[in-house]
Amino acid sequence: MDKKIIVLGVIGSDCHAVGNKILDYVLTDAGFNVVNIGVLSSQEDFVNAALESKADLLFVSSLYGQGEIDCRGLREKCNNSGLKDILLYVGGNIVVGKQKWEDVHKRFLSMGFNRVYPPGTSTDTAIKDLNKDLYYDESFTKKAM
Amino acid sequence: MDKKIIVLGVIGSDCHAVGNKILDYVLTDAGFNVVNIGVLSSQEDFVNAALESKADLLFVSSLYGQGEIDCRGLREKCNNSGLKDILLYVGGNIVVGKQKWEDVHKRFLSMGFNRVYPPGTSTDTAIKDLNKDLYYDESFTKKAM
Amino acid sequence: MNLINKKLCDEEFFKTRNEVLESWSTGKEVNLHESIEYLKKVPNYKNFSFVLKKAKKEGVTLVQPRAGVALIDKQIELLNFLSKEGGADLLPTTIDSYTRQNRYRECEVGINESTKENRSLLNGLPAVNYGIKGCRKIYENVDKPVQARHGTPDSRLLAEIIHASGWTSNEGGSISYNIPYAKNVSLEKSIADWQYCDRLVGFYEENGIELNREPFGALTGTLVPPSTSNACMIIEALLAAEQGVKNITVGYGQCGNLIQDVAAMRALEEQTKEYLNKYGYNDVLLTTVLHQWMGGFPADEAKAYGIISLGSTVASLSGATKVIVKTPHEAIGIPTMEANANGIKATKMTLNMLSGQRMAMSKELEFEINIIKAETKCIMDKIFELGKGDLAVGTVKGFEGGIIDIPFAPSKYNSGKMMPARDNYGAIRYLFTANIPFSKDLLDFNKAKLEERAKHEKRTVSFKMTVDDIYAVSKGKLIGRPN
Amino acid sequence: MNLINKKLCDEEFFKTRNEVLESWSTGKEVNLHESIEYLKKVPNYKNFSFVLKKAKKEGVTLVQPRAGVALIDKQIELLNFLSKEGGADLLPTTIDSYTRQNRYRECEVGINESTKENRSLLNGLPAVNYGIKGCRKIYENVDKPVQARHGTPDSRLLAEIIHASGWTSNEGGSISYNIPYAKNVSLEKSIADWQYCDRLVGFYEENGIELNREPFGALTGTLVPPSTSNACMIIEALLAAEQGVKNITVGYGQCGNLIQDVAAMRALEEQTKEYLNKYGYNDVLLTTVLHQWMGGFPADEAKAYGIISLGSTVASLSGATKVIVKTPHEAIGIPTMEANANGIKATKMTLNMLSGQRMAMSKELEFEINIIKAETKCIMDKIFELGKGDLAVGTVKGFEGGIIDIPFAPSKYNSGKMMPARDNYGAIRYLFTANIPFSKDLLDFNKAKLEERAKHEKRTVSFKMTVDDIYAVSKGKLIGRPN
Ligand code: B12
Ligand code: B12
């Protein structure tokens, strides 16, 4: 089986680099082909990297709270750039403050993300989902959870 | 004006002595005639001390949580012993645990206490009320707050 | 008096025992042979003595909450929550205050009302009323060692029941569970009653069952100077060892000055060991416990966390074998199980951050250790002198004469003339030594320390300082300065 | 490069100033003469420099939270709550992340949406967009000194606006607000831009207005060894002093080992002062700030309190002039105002308990201070050597060569080859020194310390330790041991 390609990055004006460095290390170790665009990455950076690398999935981190603004329109931008089937994950501390997780989850699903993770999600959880979504069930996108 | 007489004590199987020693010191200093029966005092001890000293008020402490059981029937015991007009104050940590103060307050008022104080009540508050109830308004008992 | 610090002979012990077991219906259930068999099956991880021994060896500080409610099932639920959710290493069962006064009839009222109203109207578990059946149910339904924590001058029946139920530790002692907890119980009586409790543990030891005993070091929890509580701990440890107790945990309540606190813990362990060895009890395994601040707390929960965490810091830096935890509800009332677990979690986090870290030796620390030891020695010397070599007799006479004088104790057998106050750095000193037989150096030292504070606060040394200090922590400061 | 560590001449400064003020509409409102008059009216109790000076003199540790929301009125409400309910001594205003990247247009979106939804969609206050009018409104409606806290590589316009608005302190510096916060900004540019910010403060000083500057000592907040952050602090202090800054607060982020933490704070203050004196800046008033643990927090609030309180203990024992407070919400998101106040209260309680208490000097503390100073000196010597005596040039070359190497920094101008890890007692050591020019003794020391841990954990020294340590605190331990 070919290695699946993941574009990893921290979106917006967000400089939190520690999680990004660790995710790079861990996802690579788990057998994925990781294209790490690092912190302070715009939606355009994500889309360009995906096009260039023929990525299967965008693994978007947002730690600093402004993720809600930064993530809006990413699905549309992907669609318009011909990345129609690409999977979108988002995680970190994706909104400002301690909010009800159900609401936040819904808000990001309706932006077109396939999976949305709360603070403190372990890398194991992410890897399990990646394996499921990328290897076991290619049609996952359509039935977005 | 004659000094008013207060019977001070800690009711029930309660050994908390620190507050009692301080109350003795502070109430005496504030000009009251304090009869301190100390910790581990039964309802009978309070009533007997009141009869003996012709007290105007019982200043009941309960710190250890079991005050609710210990205090029941004190008013009746006073009535039966001819202490019909005596004022009853109670304070300290009078119930088990952090309960809604309104409920606790009501519960003790309905047992016949004239004033019921929450944890952390300062001695100043108590003295202000004592002055009001014992000197300014002798008929206070009837309109129990 | 025919009190004497000597191992009770079997005849005497068993004679008293019959009376003890007769004193309430549940006493009859206790059968020592059956209990020994029952206790033999206690696995090491549920035995207090073993778990403490292991922690001491590994240099780890264990965490234990206080917790007790009126009903057995609720108690089991509570303990399991504190163990699993909170992460407690050792479990307590706090006994209610009627039991502490041997008023078992009033306990029945408490149990009935608590069942009816479905909330605890007692401040602890009435273990005697439940007897072996109820107490074993608790032991069998938890996964950590269980200890009885109370404040009972005469806890002979309680000790019989809890040990027979697999509770492998009993807190208390003749001074520490009398003077701070009772008004009218003579020391002569409480020493005799605790000799019984200790002898019971000694008897189990002789039958191959290891049990732990823990003198209550915090006493009144209110400005107790370290040498006062350390002297009480040494006395109770010696009295217990004489009765055959082999696993003893001596305690101390956090005062607030970090150096004094660590010094007190070090002095406590070293000096107790010295006395045990001196009197020939070489085979006692000695451990220590730090009580987080035992005086009045602030009502604000965030502030309470600050104190809880600082107490954990003391426990860690002093290398305590265990720490007894307060909760953010302390100022208000018996904590909910969540608040109790939160106290444990804040404590564990602090301990984990400091794991393996000790306070380094410094001039200041050494000095403070020496002061505490010297003060303690003055007291102990006089006690032995008064008892003409007998510690039990000396202790009774010592309290009579105010040689040991526990501040703010309710007992009429305590002199109550000594007054403590904090010095300019928050360490607790003797403001009035009254009859405590300190050397001139030590008297001068305490005096100078308080003068230093008085000068800084521009007032004279007086009882007013003591009162201010009593309120200070609950108002958010360590030292009660005028404002 | 024409970068040089020399006070900007007026001509250059004012030329650049025109460009800066042009860069966004609100810049035009700033008029230095008017601002000087405005600042002259700031009372001492609302001036950062004065309040810090007073605290230093009295040996008191002040408490400051972080706090910033999108809307002015909400910000005022927040600050007053933290001041009155929480008891904060110094007030912040945290700036949002778009402003930090000078993306003022995106700030407009954030302001509009926040107004519409009536909740903050920005992680701080977009001070530049509000301009003098909004910022003065904040200053005028609070009762304590206000500081801007951000993370902005080019904060020239921000500095102009906040100082002109009565905010008497600006956090940051050319290294500390670039390397941990940016990816593509060269040090050459950020040094020049911060020379401007410092010169602005120097200009005010020359006009009789005292302002405080605070290099950000915590950097990436992630396993930064003390000598690395102390070197950055010394450099930024020297660069600021050259531009005429007279009131500087150098900082350090709590690592977790108590002795190392106190040693780092002592070394920081002493060594910065030495360097300032050595280079002729004798009239700088130097104070210190301790940042409570800046790495990942546990989500559990009780555990968070444990860390917060331990950080306060470090601040107190090391005699920090102020402490920056974390909150029980840290792991999850920007705190509610209540959670923020609770962090302050737990901090203040701990400080009050320890008021006047310092860590006593011990062999261990002295040793650790000497290690940190020696490591820092190796770095500083090489920086000056590379710059041929010029600190600005040396710093740029130093980062190029990995002489200073900040762990986990996002900047491409940082080498990123050094790896830190904890030793067996939790102190942070250099696991891979890469290009850091330590003496053989220091290299051996760091190595031995990590070998000691490796042996204890029965594994080899490797990057795996670093990763484990990064997660450790959020999982409730200081050291990431294998389980
Ligand atoms: C260290 C830190 C910093 C450092 C960052 C240094 C650096 N360049 O990396 C410094 C001090 C510079 C910093 C700055 C700021 N920070 Co910061 N910071 C933190 C802190 C304490 C730890 C972050 C960290 O490194 N954790 C360790 C790593 C390993 O974990 P992680 O980052 O969470 O990543 C893991 C998981 O989240 C997950 N994950 C991440 N992305 C994704 C994506 C997917 C799809 C999945 C499945 C999983 C996943 O996997 C990662 C690896 O395990 C957090 C709070 C916390 N967590 O305790 C705040 C925090 C993230 N910061 C915060 C803020 C607001 C800021 C600032 C705006 C400053 C401020 N208000 O003071 C600036 C941001 C500036 C900017 N432009 O971005 C907030 C965000 C608030 C919110 N979301 O509501 C936090 C939560 C603190 C708080 N409670 O206020 N910060
Ligand atoms: C010190 C202390 C002890 C010491 C007491 C030493 C002694 N002999 O005095 C020791 C360690 C021995 C002890 C034992 C116990 N304690 Co205790 N103790 C405390 C503690 C920490 C401080 C009490 C104190 O001295 N405060 C200082 C004085 C000056 O304040 P005070 O006592 O509150 O009194 C003032 C006010 O309340 C007020 N006041 C008092 N009475 C009245 C009456 C009126 C009319 C008015 C107006 C005002 C008023 O004025 C007083 C002077 O300012 C409190 C918790 C706290 N407050 O932080 C728990 C606390 C009172 N104890 C408690 C308990 C349960 C016990 C025990 C049962 C043990 C246990 N569970 O572990 C035993 C009781 C044994 C017994 N038979 O009574 C609980 C009570 C719980 C409840 N009500 O729900 C508390 C609240 C702790 C807790 N949250 O669990 N305790």
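The structure displayed is predicted, hence computed values, not measured ones. (Residues numbered from 1 in each chain as written. Chains lettered and ligands numbered in written order. Predicted model: local features only at pLDDT ≥ 70, side-chain atom pairs only at ≥ 80, totals over all residues. Heavy atoms only, no water.)

Side note on the overall build of chain A
Quick reminder of the rule: Runs of H or I in DSSP of at least four residues are treated as helices and runs of E of at least two as strands, each being numbered from the N terminus. The rule is simple: take the accessible area with a 1.4 Å probe, protein chains only, and divide by the maximum for that residue type; under 20% is buried, over 50% is exposed, in between is partly exposed. Residues count as neighbours in contact if any of their non-hydrogen atoms are within 4.5 Å of one another.
Along the backbone of chain A there are 6 helices and 5 strands. Reading the secondary structure of chain A in the N-to-C direction produces β-α-β-α-β-α-α-β-α-β-α. Among the 145 residues that make up chain A, the fraction classed as buried is 56%. In chain A, 76% of the contacts between residues at least 6 apart in sequence involve partners at least 24 apart.

So, the sheet that holds strand β3 (residues 57–62) of chain B
Residues and elements named next belong to chain B. We count it as follows: One requirement defines pairing of two strands: DSSP has to find at least two bridges between them. Note on geometry: axes are C-alpha line fits, over the in-contact stretch for helices, and angles between N-to-C directions span 0 to 180 degrees.
Taken in spatial order, the 5 strands of this open sheet run β2-β1-β3-β4-β5, and their pairing is parallel. In this open sheet, the two strands that pair with only one neighbour each are β2 (33–41) and β5 (115–116). In this structure, strand β4 (residues 87–92) lies alongside β5, joined through 2 bridges in parallel fashion. Counted as the bridge partner of V90 is V116 from β5. Relative to the sheet, helix α6 (residues 123–136) contacts β1 (5–11), β3, β4 and β5, its axis offset from that of β4 by approximately 175°.

Digging into the pairing of strand β2 (residues 33–41) of chain A
Residues and elements named next belong to chain A. The cut-off we apply is this: Orient the strands so they point away from the viewer; a crossover is then right-handed if the path from the first strand over the helix to the second runs clockwise.
For strand β1 (residues 5–11) and β2, the ladder comprises 6 bridges, and the chain directions are parallel. Of the residues in β2, the one forming a bridge with I5 is N33. Each parallel crossover has a hand, and for β1 linked through helix α1 (residues 18–29) to β2 it is right-handed.

Re the coordination of the cobalt atom of ligand 2
Quick reminder of the rule: Listed donors are limited to N, O and S atoms within 2.8 Å of the metal, widened to 3.2 Å for Na, K and Ca; water is not among them, so incomplete-looking sites are possible.
Counting protein donors to the cobalt atom of ligand 2 gives just one, H16(B) (NE2), placed at 2.2 Å. Relative to the assigned elements, H16(B) resides in the loop between β1 and α1 (18–29).

Side note on the interface of chain D and chain C
Here is the rule: Reported buried area values correspond to the accessible surface (1.4 Å probe) lost by two parts on association, with both partners' losses combined. We count a salt bridge whenever a side-chain nitrogen from Lys or Arg sits within 4 Å of a carboxyl oxygen from Asp or Glu. Polar contacts here mean pairs of N or O atoms no more than 3.5 Å apart (in protein, one a potential hydrogen donor and the other a potential acceptor; neighbouring residues in sequence count only if both atoms are side-chain atoms). Gly counts as polar in this scheme, as do all residues outside two lists: the nonpolar Ala, Val, Leu, Ile, Met, Phe, Trp, Tyr, Cys and Pro, and the charged Asp, Glu, Lys and Arg.
Counting residues at the interface gives 34 residues for chain D and 34 residues for chain C. Among the residues chain D hides against chain C, the three largest losses belong to L310(D), M349(D) and M353(D). Together they make up 21% of the total. A salt bridge links K345(C) to D300(D); its shortest N-O distance comes to 2.7 Å. Where chain D meets chain C, there are 11 residue pairs in polar contact (both at pLDDT 80 or more). Sorting the residues of the side of chain D that touches chain C by element identifies α11 (258–278), α12 (301–318) and α13 (337–353) of chain D as the ones contributing at least two each. Residue composition of the side of chain D that touches chain C, by class: 17 nonpolar, 12 polar and 5 charged.

A few points about the relation of the copies chain D and chain C
Which entries qualify depends on this criterion: Least-squares superposition aligns the copies on the C-alpha atoms of those residues with pLDDT at or above 70 in both.
For the pair chain D and chain C, the superposition axis carries a translation of 0.0 Å, the fit reaches an RMSD of 0.0 Å, and the rotation angle comes to 180°. The superposition of one copy onto the other is thereby described by a two-fold rotation axis. Considering only C-alpha atoms, the residue of chain D closest to the rotation axis is S362(D), which sits at 2.4 Å. Counting the interface residues of chain D, we find that 100% of their copies in chain C are interface residues as well, pointing to one common contact surface.

Focus: the packing of aromatic side chains
Counted only if it meets this: Pairing of aromatic rings covers Phe, Tyr and Trp, the last counted by its six-membered ring, and requires centre-to-centre distances within 6.5 Å; plane angles under 30 degrees mean stacked, over 60 mean edge-to-face, and any other angle means tilted.
Scanning the model with the defined rule gives 37 aromatic pairs over all chains in all. Consider the rings of F59(A) and Y89(A), whose centres lie 6.0 Å apart with planes at 45°: the pair is tilted. Separated by 30 residues along the polypeptide, F59(A) in strand β3 (residues 57–62) and Y89(A) in strand β4 (residues 87–92) bring together distant segments of the chain. Accessibility assignment for this pair places F59(A) and Y89(A) in one class, buried. Geometrically, the ring pair formed by Y38(D) and Y139(D) is edge-to-face, given 6.0 Å between the ring centres and 65° between the ring planes. Placement of Y38(D) in helix α2 (residues 32–40) and of Y139(D) in helix α7 (residues 127–140) is noted, with a sequence separation of 101 residues between them. Taken together, the ring pairs in this structure connect F13(C), F14(C), Y196(C) and F203(C) into an aromatic cluster.

A closer look at the interface of chain A and chain D
Taken together, the contacts link 27 residues of chain A with 31 residues of chain D. Both sides of the chain A and chain D interface together cover about 2500 Å² of buried area, and 57% of this is carbon and sulfur. When the area that chain A buries against chain D is broken down by residue, the three leading residues are Q66(A), I69(A) and K98(A), summing to 24%. The partner of E113(D) in a salt bridge is R72(A), with the nearest N and O atoms 2.8 Å apart. Counting across the chain A and chain D interface gives 12 residue pairs in polar contact (both at pLDDT 80 or more). Counting residues per element, the ones that place at least two in the side of chain A that touches chain D are α1, β2 and α3 (67–71) of chain A. Tallying contributions element by element places β2(A) first for the side of chain A that touches chain D, with 5 residues. Of the residues in the side of chain A that touches chain D, the class split is 12 nonpolar, 9 polar and 6 charged.

Here's the deal with the site of ligand 1
As a reminder of what qualifies: Distances are taken per atom, and a residue is near a molecule or strand as soon as one of its heavy atoms is within 4 Å of it.
In the vicinity of ligand 1 there are 48 residues, among which H16(A), A17(A), S61(A), E330(D) and Y471(D) approach most closely. Bordering ligand 1 are residues originating from chains A and D. Note that a nitrogen atom of ligand 1 is positioned 3.1 Å from one of the backbone N or O atoms of N93(A). Measuring from an oxygen atom of ligand 1, one finds a backbone N or O atom of G97(A) at 2.8 Å.

A short note on helix α16 (residues 440–456) of chain C
Residue and element names in this part refer to chain C. The following threshold applies: To estimate how far a helix should extend, the number of its residues minus one is multiplied by 1.5 Å.
Its 17 residues give α16 an end-to-end C-alpha distance of 24 Å, which sits within 8% of 24 Å, the value for a rise of 1.5 Å per residue. Those residues of α16 that fall on the buried side of the exposure criterion are L442, F445, N446, K449, L450, R453 and A454. Where the residues of α16 are buried, they touch α14 (363–386), β9 (419–422), β10 (428–432) and α17 (463–472). Trailing α16 by a residue or two, K458 shows a phi angle of about 55°, which is positive.

A few points about the site of ligand 2
The environment of ligand 2 is made up of 49 residues, and the closest members are H16(B), A17(B), S61(B), E330(C) and Y471(C). In this structure, a nitrogen atom belonging to ligand 2 sits 2.8 Å away from a main-chain N or O atom of S13(B). Here a nitrogen atom of ligand 2 and a backbone polar atom of G91(B) are 3.4 Å apart. At 4 residues, the largest contribution of residues to the shell around ligand 2 is made by β4(B). Of the residues belonging to the shell around ligand 2, the class tally is 25 nonpolar, 19 polar and 5 charged.

A closer look at the domain arrangement of chain C
Residue and element names in this part refer to chain C. Counted only if it meets this: What counts as a domain boundary in this text is fixed by an automatic or database domain assignment.
Taken as a whole, chain C is organised into domain 1 (10–353) and domain 2 (417–483). The gap between the C-alpha centroids of domain 1 and domain 2 is 31 Å. Contact residues are listed per partner, giving 16 residues for domain 1 and 16 residues for domain 2. Together domain 1 and domain 2 conceal approximately 1200 Å² of surface at their shared face, both sides included; 64% is due to carbon and sulfur atoms. Here the element with the most residues in the side of domain 1 that touches domain 2 is helix α10 (residues 226–242); it accounts for 3 residues.

Comments concerning the side chain of T249(D)
Residues and elements named next belong to chain D. By the secondary structure assignment, T249 is in strand β6 (residues 247–253). Assessed through its relative accessible area of 0%, T249 is described here as buried. Reaching out from T249, the side chain makes a polar contact with the side chain of N212 at a distance of 3.0 Å.

Here we look at the sheet that holds strand β5 (residues 115–116) of chain A
Residues and elements named next belong to chain A. Read from one edge to the other, the open sheet built from 5 strands follows the order β2-β1-β3-β4-β5, with strand pairing classed as parallel. Each edge of the sheet is formed by a strand with only one pairing partner; in this case those strands are β2 and β5. Strand contacts of helix α2 (residues 43–53): β1, β2 and β3, with the helix running at about 170° to β1, the strand carrying the most contacts. Along the sheet face, helix α6 (residues 123–136) touches β1, β3, β4 and β5 and points at about 175° away from the line of β4.

Brief notes about the pairing of β9(C)
Residues and elements named next belong to chain C. Burial along β9 is two-sided: the residues M419 and A421 and P420 and R422 are all buried. Across 4 bridges, the pairing between β9 and β10 is antiparallel. Its bridge partner lying in β10, M419 is registered against F432. The antiparallel hairpin formed by β9 and β10 contains 5 residues in its connecting segment, where G426 sits at a positive phi of about 90°.

Comments concerning the arrangement of the chains
If you rank the 3 pairs of chains in contact by how many contacts each has, first place goes to chains C and D. No part of chain A reaches chain B; the closest C-alpha pair between them is 26 Å apart. Between chain A and chain C there is no contact, and the shortest C-alpha to C-alpha distance separating them is 18 Å.

Overview of the packing of helix α13 (residues 337–354) of chain C against α12(D)
Condition: To sort the angles, those under 35 degrees are grouped as roughly parallel, those over 145 as roughly antiparallel, those from 65 to 115 as roughly perpendicular, and the leftovers as oblique. A crossing counts as left-handed when the near helix is turned anticlockwise from the far one by less than a right angle, and as right-handed when that turn is clockwise.
Packing of α13(C) against α12(D) brings their axes to within 7 Å, and their N-to-C directions diverge by 45°. It follows from the interaxial angle that α13(C) and α12(D) lie oblique. Helix-helix and strand crossings are classified by hand; for α13(C) and α12(D) the assignment is right-handed. Two secondary-structure elements touch here, α13(C) through N342(C), K345(C), A346(C), M349(C), T350(C), M353(C) and L354(C) and α12(D) through A302(D), K303(D), G306(D), I307(D) and L310(D). Each residue belonging to the contact of α13(C) with α12(D) can be placed in one class, and the counts come to 7 nonpolar, 3 polar and 2 charged.

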